[in-house]
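Read off the chains here:
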Amino acid sequence: MHELIWLVPALPLLGVLINGLLGSRLSPRAISVVGCGVVGLAALAALGLFAELTALPPHTRVLRQVLYTWIASGNFRAEVALLVDPLSAVMLLVVTGVGFLIHVYSVGYMHGDRGYARYFTYLNLFTFSMLVLVLADNFLLLYVGWEGVGLCSYLLIGFWYERDSAANAGKKAFITTRIGDVGFAVGIFLVFATFGTVNIREVFDAAGRLPVGDAALTAITLLLFLGAVGKSAQLPLHVWLPDAMEGPTPVSALIHAATMVTAGVYLVARLSLLYALAPVSLAVVAAVGGITAVFAASIGLTQNDIKRVLAYSTLSQLGYMFAALGVGAWTAAIFHLMTHGFFKGLLFLGSGSVIHAVHEEQDMRKMGGLAKKIPHTYWTMLIGAVAIAGIPPLAGFFSKDEILGEAYKLGFLWVWAIGVVVAIMTAFYMFRLIGLTFWGESRVDTAVEPRIHESPRVMTVPLWLLAIPSIVLGLFLAWPGPPLGSLFGMEGPGLLAGWLEPVYEHGFELLGHHEAEFAIFGIDGVLILISVAVALGGMLAAWRLFGVEIGPLQRRGAPAQVNRASLNKWWFDDLNHLVFIVIGGRVAAFAWWFDAKVVDGIVNGIGAVTRRSGGGLARVQTGHVQNYALGIAVGLIVMAGSYLMIAGR
Amino acid sequence: MLLLAALAAVLFRLAGLLTAVVFLPLVGAGVLLFADRAREQTLRQTALGASALTFLLSLPLYFRFDAGLAGMQFVERAPWIPQWGIAYHLGVDGISLFLVLLTTFLTPLALLASWSAITARVKEFLICMLLLETGMLGVFAALDLFLFYIFWEAMLVPMYFLIGVWGGPQRIYAAVKFLLYTMAGSLLMLVGLLALYFLTGARSFDLLELYRAPVPAAAQTWLFLAFFLAFAFKVPMFPFHTWLPDAHVEAPTAGSVLLAAVLLKMGTYGFLRFSLPLFPVAAEALTPLIAVLALIGILYGALVAMVQPDVKSLVAYSSVSHLGFVVLGLFALNPQGLQGGLLQMLNHGLSTGALFLLVGILYERRHTRLIEEFGGLSRVMPAFAAAFLIVTLSSIGLPGLNGFVGEFLILLGAFRQNPTYGVLAALGVILSAIYMLWMSQRVMFGEVTNPANRALPDLTGREWAVLLPIILAIFWLGLYPQAVLRRIEPSVARLIQQVEEGRARAAALEPQTPPRLVSEADAGPKLVTGAQDRRP
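All values reported here derive from a predicted model rather than from experimental measurement. (Residues numbered from 1 in each chain as written. Chains lettered and ligands numbered in written order. Predicted model: local features only at pLDDT ≥ 70, side-chain atom pairs only at ≥ 80, totals over all residues. Heavy atoms only, no water.)

**Details of the overall build of chain A**
Let me state the cut-off plainly: Helix and strand assignments come from DSSP, with helices taken as H or I runs of at least 4 residues and strands as E runs of at least 2, each series counted from the N terminus. Here's how the labels work: a residue is buried when its accessible area is under 20% of the maximum for its type, exposed when over 50%, partly exposed in between, all with a 1.4 Å probe on protein chains only. Contacts are residue-level and defined by heavy atoms, with any inter-residue pair within 4.5 Å sufficient. Only the protein chains shown count as covering a residue, and every accessible area follows the Shrake-Rupley method with a 1.4 Å probe.
Per the secondary structure count, chain A includes 25 helices and two strands. Per-residue burial for chain A yields a buried fraction of 59% across its 649 residues. Across chain A, the fraction of contacts at a sequence separation of at least 24, relative to all contacts at a separation of at least 6, is 79%. Looking at chain A as shown, the accessible area adds up to about 24,400 Å², and 70% of this sits on carbon and sulfur atoms.

Here it is in C-alpha cells:
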C-alpha cells in the first residue's frame with residue numbers, strides 16, 4: 001500500500017482536472033459525483049494507509065514514497081516525496097473525512113449556483129493541496145501545499161466575485177497570509193543555510209546535535225511560526241479570517257474551521273522537536289496563542305453575524321491549540337484540533353443551514369425561534385455548541401480539559417487561567433448564538449417567515465454524521481486512559497496519546513516530561529470541576545440573557561467602552577486600513593511621482609539639453625563656404641599648436 | 001512553405017543546425033520581400049510558417065543537447081576576417097540554450113497574436129518581426145564578440161520600427177527613447193570590446209579565447225562598467241528603467257511580448273556571458289552595488305507598479321521588479337542564485353509575455369488598457385478569466401507554476417550570499433501579490449459596470465492557440481523544472497569555476513598592491529563564504 005500514498009492526493013487532483021476542464025459540459029449531477037467521489041475515494045485510501053500503519057510496530061510506523069526529484073541545484077535538493085506517520089495519518093483522516101462530508105453537504109448548499117463546476121474544482125484543489133501539505137516529507141513540498149491551500153482559500157472566499165466585499169476579502173486573505181508565508185520562506189532558507197538540507201527528518205537528525213536554545217534554531221522556529229500565525233489567523237495576522245466568511249458557508253466550514261486554518265497547528269506539531277530545542281520560540285507560541293484565545297473570544301461576545309461569531313470562535317480555539325503547543329502539550333493540541341474539526345465544521349454547516357432557511361440572512365437579530373422550524377439543524381447545532389462549551393461527555397470537554405490540565409500541571413498557570421476565562425466566554429457566546437437563533441420569539445422578516453424550511457437530506461445527513469463524532473470522539477480518543485480509564489482502574493495514556501507517542505517522544509525527552517498521568521480525583525478532579533463549572537456558568541448566563549426573556553435586544557452589563565472595543569474588533573481593521581491602504585498608498589503614489597518626475601525627469605532633461613545643444617550647433621552649419629574654411633583653418637592651427645606643445649615638452 | 005523548408009535544408013547542409021535556426025527567419029523575411037503586399041493573409045501565413053519552422057528546427061537543440069557537458073555544443077566556426085581575429089562562431093551551452101528556445105517558441109505565438117491586430121503595412125511588420133527574430137537568436141548563439149555586436153545592433157532597428165511605426169499615440173517619443181538608451185549602451189560596449197581586444201593581448205574577438213586571456217585587474221573595473229551599463233540599460237535596472245514603461249505602453253502587442261520576453265534577457269544574458277567570466281575581480285568588487293540596485297528595482301518597481309492606471313505600464317514596472325530578482329540571483333554567484341536567475345529569465349519571458357498577450361486581447365476588443373475601464377470580466381469572458389488567473393499566479397510565484405521555482409532558488413541563493421538581501425527581496429514577493437491581485441480584481445471581479453464590457457466575446461480559437469502553449473509551459477516548468485535545471489547546471493558550475501579562477505589568478509598576480517576597489521569590497525564577499533561554511 002505504501003507505493004500508493006500518491007493516490008490519496010492524486011484522487012482529488014483528478015477531480016480538479018475533470019471538473020476544471022470538462023465542467024462546463026457536465027451535468028450538475030456528474031459534477032457532484034466526481035467532486036464528492038474523488039474525496040470519498042481518497043478517504044478510503046487514507047483509511048487503508050491508516051490500517052497499514054496500525055499493523056506495524058509503534059516505532060516503525062513510517063511510510064514514505066519518493067515520486068521524483070523536483071528541484072536540484074548545487075547541493076540543494078527537494079523531492080516530491082510523501083510521508084505517512086501517526087501524526088500525518090490522523091490529519092489525513094480529518095481532512096478526507098470531514099472534507100468528504102462537507103463536499104456532500106455542498107451538493108445541497110450550492111445547488112443551482114452558476115459556478116457549480118468551478119466550486120467543486122476549487123474545493124477539490126483545496127483538498128489536494130491540503131493533502132500535499134499534510135503528506136510532505138520536506139519543507140519545500142510542505143510550502144507548496146501551504147501556498148496551495150492559501151490560493152484555494154483566496155479563490156473560494158472570492159467565489160462570488162461580483163460582490164466587491166467577497167473579492168476584497170479574498171485578496172485580504174491572500175495578502176495577509178502571504179506576509180506570514182514570507183516568514184515561512186525565509187525560515188526555509190535559514191533551514192537550508194544551517195543544515196544543508198530541507199528534508200524534515202534529516203533536519204531533525206542534524207538539529208538533535210545542536211544545543212538547546214541555539215540561536216539559528218530559535219530564529220528558524222520563530223520564522224516558521226510566523227507562517228503559522230498567518231495561516232492559522234493568530235494575532236496580529238488574524239484580520240483576514242472574519243472577512244473570509246464572505247465565502248460560501250461550506251467553505252468556511254472546511255477551510256476556515258476544520259482544516260486549512262489548523263495547518264499552522266499541524267506545522268508546529270510536526271516540527272515539535274525543533275520547538276523543543278528552542279524554548280524561547282515555545283514561549284512565544286504559547287503567548288501568541290493565549291492572547292489570541294482571549295482576544296478573539298472577547299470579540300465573539302458581541303458580534304451579530306452568525307458566521308462571524310463562529311469565525312472569532314475559531315480564532316479563539318486555534319489560540320487554545322497554540323497555547324497547548326507552547327506549553328508542550330502537543331498531543332492535547334492535536335486532540336483539540338481533531339475534535340474542533342468536527343464540532344466547528346458541524347457548527348458552520350449548521351449556520352449555513354440556518355442561513356439557507358431564512359433566505360440568506362446572517363444577522364442573528366433577525367432570527368429567533370427557529371428551533372421548531374428547522375429541528376435537525378437545531379439539534380445538531382445544539383450538540384456542537386455543547387461540545388465546544390466543554391460539557392462532558394461531549395468531545396470538546398475531553399480535548400479542552402486535557403489542554404487545561406496539562407497547562408496547569410506543567411506549571412503554566414497563566415495559560416491555565418487564560419484557558420478558564422476563555423472557557424467561560426466560549427460557553428457564553430455559543431449559547432448567545434443558539435439563543436438568538438433558535439430560542440425565544442421569531443424576529444424573522446415577515447416576508448420570509450412563512451417560507452422558512454428545513455434543508456434537504458443531502459445537507460442534514462452530513463450534519464448528523466458530524467454530530468456523532470462531536471459527541472463520542474473525545475471519549476473514544478481519550479480511552480482507555482484518562483479520565484474515564486482511571487475510573488475503571490485503567491492507567492496509561494489515552495488512545496491518541498499512545499498513537500502519537502512515537503512522533504513526540506524525542507521532543508518530550510528534551511522537555512523532560514511525558515504526557516502526564518491523569519486521575520479523576522485530587523488536583524485533576526478539581527480542575528475538571530472548575531472547567532465544567534465555568535462552562536455551565538457561561539451557558540446559564542447566555543440562557544438567562546438570550547434564552548428565557550428574549551425581548552428587545554440590548555446589550556447589558558458590559559461597560560460601554562469594553563463593549564465598543566469588542567464590537568469594533570479592537571480597531572485592528574482601522575489600523576490596517578491606515579497603515580496599508582492610506583500610508584502604503586501614499587508611499588506607492590510618491591514612488592510613482594518620483595519615477596515620473598525625478599528619474600525620468602533627469603533622462604528627459606539630458607535629452608532636452610542634448611537637443612538644445614544640437615540645435616545650437618546646427619546654427620554653425622551656415623552653408624557659407626567661407627565659414628567652413630575659417631573653421632578648417634582654426635582647427636588646423638589648434639591641432640598644430642597642440643602637437644607642437646606636446647611634442648615640444 | 002515548401003520553399004522555406006527547402007531553404008532551411010540548404011542552410012542546414014551548408015553550415016549546421018544552429019545557423020539554420022538563426023538565419024531561417026531572415027530567409028523568411030527575404031521571401032516576404034518579394035511577395036505581393038496585397039495578399040496579406042498569405043504574407044501572414046508565410047511569416048508564421050517561417051517562424052514555426054524555426055521553432056521545429058530548434059527542437060533538436062533541446063533533445064540532442066548533452067546535459068552532461070558544460071561547454072559549447074552545436075558549435076560552428078569559420079574564419080571571417082582572420083587578420084582581426086574575427087570569426088563566424090556559433091554555439092550554445094546551458095546558459096544560452098533555453099533563451100534560444102524561448103525566442104523560437106514565442107515568435108510564432110507573437111505573430112499569431114497580431115493576426116488581426118496589425119492591419120497597416122502588414123508586409124513591413126512581418127519582415128521586421130522576422131528580422132528581429134534572427135537578431136535575437138544571433139545574440140544568444142554568437143560566440144564571437146564582433147558577430148555578437150552585429151546581431152545586437154541589427155536587432156535594434158526592427159524593434160525601433162515596431163514601436164515607432166505600429167505603436168500607440170506617443171510612439172515616436174518611446175521609440176527614440178528606446179533607441180537612444182540602447183545606442184548609448186551599445187557604444188559603451190563597443191569601446192569595451194575594442195579595449196578588450198587590445199588589452200588582453202589575445203588579439204581576437206573570439207569569446208572562448210578571451211575567456212582564456214585574463215583581463216588585467218586594474219583595467220577590469222572600467223571595462224566592467226562599460227559592459228555593465230550597456231546591459232543594465234537593457235535589463236533595465238534601476239535607475240535606467242524609465243524607457244521601458246514608455247516602450248511597452250506604446251509598442252504593439254507582438255513588440256511588447258518580444259521586448260519583455262526576450263530583449264530584456266539580453267542584458268542579463270550579457271552579465272552571464274561577458275561581465276562575470278571576463279571581469280571576475282571587478283564583478284566581485286561591484287557586487288554590493290549591483291545587489292543594492294537590484295533590490296531597489298525589486299521593491300521600487302513593485303511599489304510603482306501598484307499605482308499604475310494602465311495595465312501595460314503596470315506589467316512593465318512589474319518587469320523592473322522581476323528582472324531585479326534575476327540580477328540579484330545572478331550576482332549571488334552560487335549555483336542556486338545562478339540557476340534560479342537563469343530559470344527566472346525563462347519564467348519571466350513566459351508569464352510576462354503571456355500577460356502582454358492577454359492585455360493585447362483586451363485592447364483589441366476595447367481599444368483601451370486603462371484598469372478603470374474594465375471590471376467584472378470574469379462574468380463576460382470566463383475562459384479569458386481562467387487564462388488570466390493562471391498567468392497572474394505564475395507571475396506572483398505560486399508553487400506548482402513556473403515562477404515559484406526560479407524565485408525560490410534566487411532568494412535561496414541571495415540569502416546564502418547575504419541574508420539581508422534574501423529577506424529584503426522576499427518582501428518583494430508580498431508586493432507582487434498585492435499589485436497583481438489588486439489589478440486582476442479590478443479588471444476581472446465585481447459587477448460589469450461599464451456597458452462597453454457587457455458583450456465582449458470570449459477567447460477565439462486563434463487566441464487559445466496562442467495562449468495554450470504558454471500555459472502548458474508554465475505548468476511544465478513549475479512541476480518539472482529539472483528539465484531545465486539539469487541542462488543548465490554544468491554550464492553554471494563552469495561559470496562559477498571561471499569566476500573563481502579569475503579571482504585567484506588576479507590575487508596571485510598582484511599580491512602586494514591589490515587594486516583599491518577590490519579591497520574595499522572585501523567586507524561583502526567575506527559574508528558569502530561565512531554563510532556557505534555554516535553547514536555542519
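Having seen the structure, we can now continue with the description.
**Notes on the overall build of chain B**
Which entries qualify depends on this criterion: For the radius of gyration, the atoms used are the C-alpha atoms, and the globule rule reads 2.2 Å times the number of residues raised to 0.38.
Of regular secondary structure, chain B possesses 22 helices and two strands. For chain B, whose C-alpha radius of gyration is 23 Å, the value lies close to the compact-globule estimate of 24 Å for 536 residues. The C-alpha extent of chain B, read off along each of the three principal axes, is 75 × 50 × 40 Å. The proportion of buried residues among the 536 residues of chain B is 66%. Look at the contacts in chain B between residues 6 or more apart in sequence, and 80% of them connect residues 24 or more apart.

**Regarding the confidence of the model for chain A**
Residues and elements named next belong to chain A. Put simply, the rule reads: Confidence scores here are pLDDT values: one per residue, from the predictor, ranging 0 to 100.
Chain-level statistics for chain A give a pLDDT mean of 82 and a share of 89% at 70 or above. The secondary structure element of chain A with the lowest average pLDDT is helix H20 (residues 484-487), at 52, and the one with the highest is helix H11 (residues 263-270), at 92. pLDDT under 50 marks residues 550-557. Its contacts with residues more than four places away, or in other chains, come to 15 contacts.

**Here's the deal with unusual backbone geometry**
Note that the residue after Leu235(A), namely Pro236(A), is joined by a cis bond; omega there is 0 degrees. Inspection of the secondary structure assignment puts Pro236(A) in the loop between helix H8 (215-231) and helix H9 (240-243). Here the bond from Val235(B) into Pro236(B) is cis, since omega is -15 degrees, no more than 30 degrees from zero. With respect to the helices and strands, the residue Pro236(B) is situated in the loop between helix H9 (217-234) and helix H10 (243-250). Of note in this structure, Leu333(B) is not a glycine but carries a positive phi near 55 degrees. Examined against the element boundaries, Leu333(B) turns out to sit in the loop between helix H13 (311-332) and helix H14 (335-366). Under the relative-accessibility criterion, Leu333(B) is labelled buried at 15%.

**Re the packing of helix H5 (residues 139-157) of chain A against helix H10 (residues 249-258) of chain A**
Residues and elements named next belong to chain A. This is how the line gets drawn: Interaxial angles span 0 to 180 degrees and are taken between N-to-C directions of axes, which are lines fitted to C-alpha atoms, for helices over the stretch in contact. When describing relative orientation, an angle under 35 degrees is termed roughly parallel and one over 145 degrees roughly antiparallel, while 65 to 115 degrees is termed roughly perpendicular and anything else oblique. Each crossing is labelled by how the near helix is turned from the far one, with a counterclockwise turn of less than a right angle marking it left-handed and a clockwise turn marking it right-handed. For this classification, the nonpolar set comprises Ala, Val, Leu, Ile, Met, Phe, Trp, Tyr, Cys and Pro, the charged set comprises Asp, Glu, Lys and Arg, and every other residue, Gly included, is treated as polar.
Viewed as axis vectors pointing N to C, H5 and H10 meet at an angle of 155 degrees, and their least axial separation amounts to 11 Å. Comparing their axes, H10 and H5 come out roughly antiparallel. Crossing handedness for the pair H5 and H10: left-handed. Where H5 abuts H10, its residues Ser153, Leu156 and Ile157 lie against Val251, Ile255 and His256. Tallied by class, the residues present in the contact of H5 with H10 amount to four nonpolar, two polar and no charged.

**What to know about H10(B)**
Residue and element names in this part refer to chain B. Along H10, seven of the eight residues are buried, which leaves the element largely enclosed by surrounding structure. Along H10, the residues that are buried comprise Trp243, Leu244, Pro245, Ala247, His248, Val249 and Glu250. In the core, the buried residues of H10 are packed alongside helix H6 (145-166), helix H7 (171-199), H9, helix H11 (253-278), H13 and H14.

**Overview of empty space enclosed by the protein**
Short version of the rule: Buriedness for pockets is judged along seven lines, at least five of which must meet protein on both sides within 12 Å for an open set on the 1 Å grid over protein atoms alone, while cavities are sets there where a 1.4 Å probe fits but cannot get out, and lining residues have an atom within 4 Å of a point. Grid points are joined across faces, edges and corners, and a volume is the space filled by probe spheres set on the points.
With the rule as written, the count across this model stands at eight cavities of 30 Å³ or more. Of the pockets and cavities examined, the largest cavity occupies roughly 120 Å³. In terms of lining residues, the largest cavity is bounded by 13 residues, among which Tyr143(A), Ala185(A), Phe404(B), Leu411(B) and Val429(B) are the most central. Among the elements of the structure, H5 and helix H6 (164-195) of chain A together with helix H17 (402-417) and helix H18 (419-444) of chain B are those that each provide at least two residues to the lining of the largest cavity. A per-class count over the lining of the largest cavity returns nine nonpolar, one polar and three charged. Considering only enclosed or pocket space, the second largest cavity measures out at about 70 Å³ in volume. Looking at the second largest cavity, the residues that line it are Gly289(A), Gly290(A), Ala293(A), Gly319(A), Tyr320(A), Ala323(A), Ile403(A), Leu404(A), Val415(A), Ile418(A), Gly419(A) and Val422(A). Sorting the residues of the lining of the second largest cavity by element identifies helix H13 (279-300), helix H14 (306-327), helix H17 (395-409) and helix H18 (413-438) of chain A as the ones contributing at least two each. With four residues, the single largest contributor to the lining of the second largest cavity is H18(A).

**What to know about a nonpolar patch on the surface**
How we decide: Distance thresholds for patches are 9 Å for like charges and 5 Å for nonpolar side chains (Val, Leu, Ile, Met, Phe, Trp, Tyr), applied to residues having over 30% relative accessible area and no salt bridge. A side-chain nitrogen of Lys or Arg and a carboxyl oxygen of Asp or Glu constitute a salt bridge if their distance falls within 4 Å.
A cluster of nonpolar side chains, namely Leu4(A), Trp6(A), Leu67(A), Tyr68(A), Phe475(B), Trp476(B), Leu479(B) and Tyr480(B), defines an oily patch on the protein surface of about 700 Å² accessible area. Taken together, the elements giving at least two residues each to the nonpolar patch come down to strand E1 (63-73) of chain A together with helix H19 (461-479) of chain B. The biggest single contributor to the nonpolar patch is H19(B), with three residues. With respect to the secondary-structure elements, Tyr68(A) resides in strand E1.

**Describing helix H21 (residues 495-511) of chain A**
Residue and element names in this part refer to chain A. Short version of the rule: Bend, at a single residue, is the angle you get between axes fitted to the 7 residues ending at that residue and the 7 residues starting at it.
A maximum bend of about 70 degrees is found in H21 at Pro502. Within the sequence span of H21, burial applies to Leu496, Ala497, Trp499, Leu500, Pro502, Tyr504, Glu505, Gly507 and Phe508. As for H21, its buried residues are in contact with helix H2 (28-55), helix H3 (86-109), H11, helix H12 (272-276), helix H15 (330-357) and helix H19 (457-478). Among the residues trailing H21, Gly512 stands out with phi positive, at a value near 75 degrees.

**Re the interface of chain A and chain B**
Interface size is commonly expressed as the accessible area that is lost once the parts come together. Selection criterion: Buried surface area refers to the total accessible area, computed with a probe of radius 1.4 Å, that the two partners give up upon joining, counted for both partners together. What qualifies as a polar contact is a pair of N or O atoms within 3.5 Å, subject to a donor-acceptor requirement within protein and to the restriction that residues adjacent in sequence count only when both atoms come from side chains.
Taken residue by residue, the interface counts 50 residues in chain A and 61 residues in chain B. Taken as a group, Arg178(A), Phe189(A) and Trp592(A) account for 14% of the area that chain A buries against chain B, more than any other trio of residues on that side. The tally of links between chain A and chain B comes to one salt bridge. A salt bridge links Arg379(B) to Glu162(A), with the nearest nitrogen and oxygen atoms 2.6 Å apart. The interface formed by chain A and chain B contains 15 residue pairs in polar contact (both at pLDDT 80 or more).

**Focus: the pairing of strand E2 (residues 76-84) of chain A**
Applicable threshold: The rule for pairing is simple: two strands pair if DSSP sees at least two bridges between them.
Summarising burial for E2(A): eight of the nine residues are buried, a large majority. Hairpin connection between E1(A) and E2(A): a loop of two residues separates the two successive antiparallel strands, and Gly74(A) in this loop has a positive phi of roughly 60 degrees.

**Here's the deal with the state of the cysteines**
Rules: Any two cysteine sulfur atoms lying within 2.5 Å of each other are counted as a disulfide.
Here the structure, examined in full by the defined rule, presents zero disulfides over all chains. With no disulfide of its own, Cys152(A) lies closest to Cys36(A) among cysteine sulfurs, the gap being 16 Å.

**Focus: the pairing of E1(A)**
Summarising the sheet, E1(A) and E2(A) pair through nine bridges and their orientation is antiparallel. For Leu63(A), the partnering residue across the bridge sits in E2(A) and is Val84(A).

**Observations concerning the packing of H13(A) against H14(A)**
Packed helices, taken two at a time, are described by the angle their axes make and the gap between the axes. Residue and element names in this part refer to chain A. Running from N to C, H13 and H14 point in directions that differ by 155 degrees, and their axes come no closer than 7 Å. One way to sum up the angle between H13 and H14 is to call them roughly antiparallel. Crossing hand, H13 versus H14: left-handed. Contacts between H13 and H14 involve Leu282, Val285, Ala286, Gly289, Gly290, Thr292, Ala293, Ala296, Ala297, Ile299 and Gly300 from the former and Val309, Tyr312, Leu315, Ser316, Gly319, Tyr320, Phe322, Ala323, Leu325, Gly326 and Val327 from the latter. Here the contact of H13 with H14 is composed, by residue class, of 15 nonpolar, seven polar and no charged.

**Considering the confidence of the model for chain B**
Residues and elements named next belong to chain B. Within chain B, residue pLDDT values average 86, and 94% of them lie at 70 or more. Within chain B, the element-level pLDDT minimum falls on helix H22 (residues 523-532), averaging 38, and the maximum on helix H4 (residues 94-113), averaging 93. The model gives residues 513-536 a pLDDT under 50, and that stretch makes 29 contacts with residues more than four places away or in other chains. Reported confidences for the modelled complex are a pTM of 0.85 and an ipTM of 0.84.

**What to know about the packing of aromatic side chains**
Just so we agree on the cut-off: Here a Phe, Tyr or Trp ring, Trp counted by its six-membered ring, pairs with any other such ring whose centre lies within 6.5 Å, and the pair is stacked when the planes are under 30 degrees apart, edge-to-face when over 60, and tilted otherwise. Counting as a charge over the ring demands two things of the Lys NZ or Arg CZ atom: a distance within 6 Å of the ring centre and an angle within 35 degrees of the ring normal.
Applying the stated rule across the entire model yields 54 aromatic pairs over all chains. Pairing Tyr154(A) with Phe174(A) gives two aromatic rings, centres 5.4 Å apart and planes at 65 degrees, and the pair type is edge-to-face. With Tyr154(A) in helix H5 and Phe174(A) in helix H6, this residue pair connects regions lying 20 residues apart in the sequence. Comparing Tyr154(A) with Phe174(A), the two get one shared label, buried. Ring plane angle 70 degrees and centroid distance 6.1 Å describe the contact between Tyr62(B) and Phe98(B), whose orientation is recorded as edge-to-face. With Tyr62(B) in helix H3 (residues 40-63) and Phe98(B) in helix H4, the pair connects residues that are 36 residues apart, well separated along the chain. One exposure class covers both Tyr62(B) and Phe98(B), and it is buried. What links up through ring pairs into an aromatic cluster is the set Trp70(A), Phe76(A), Tyr143(A), Trp146(A), Phe184(A), Phe189(A), Phe192(A), Phe404(B), Phe408(B) and Phe415(B). Taking NZ or CZ as reference, Arg118(A) lies 4.3 Å from the ring centre of Phe159(A), over its face.

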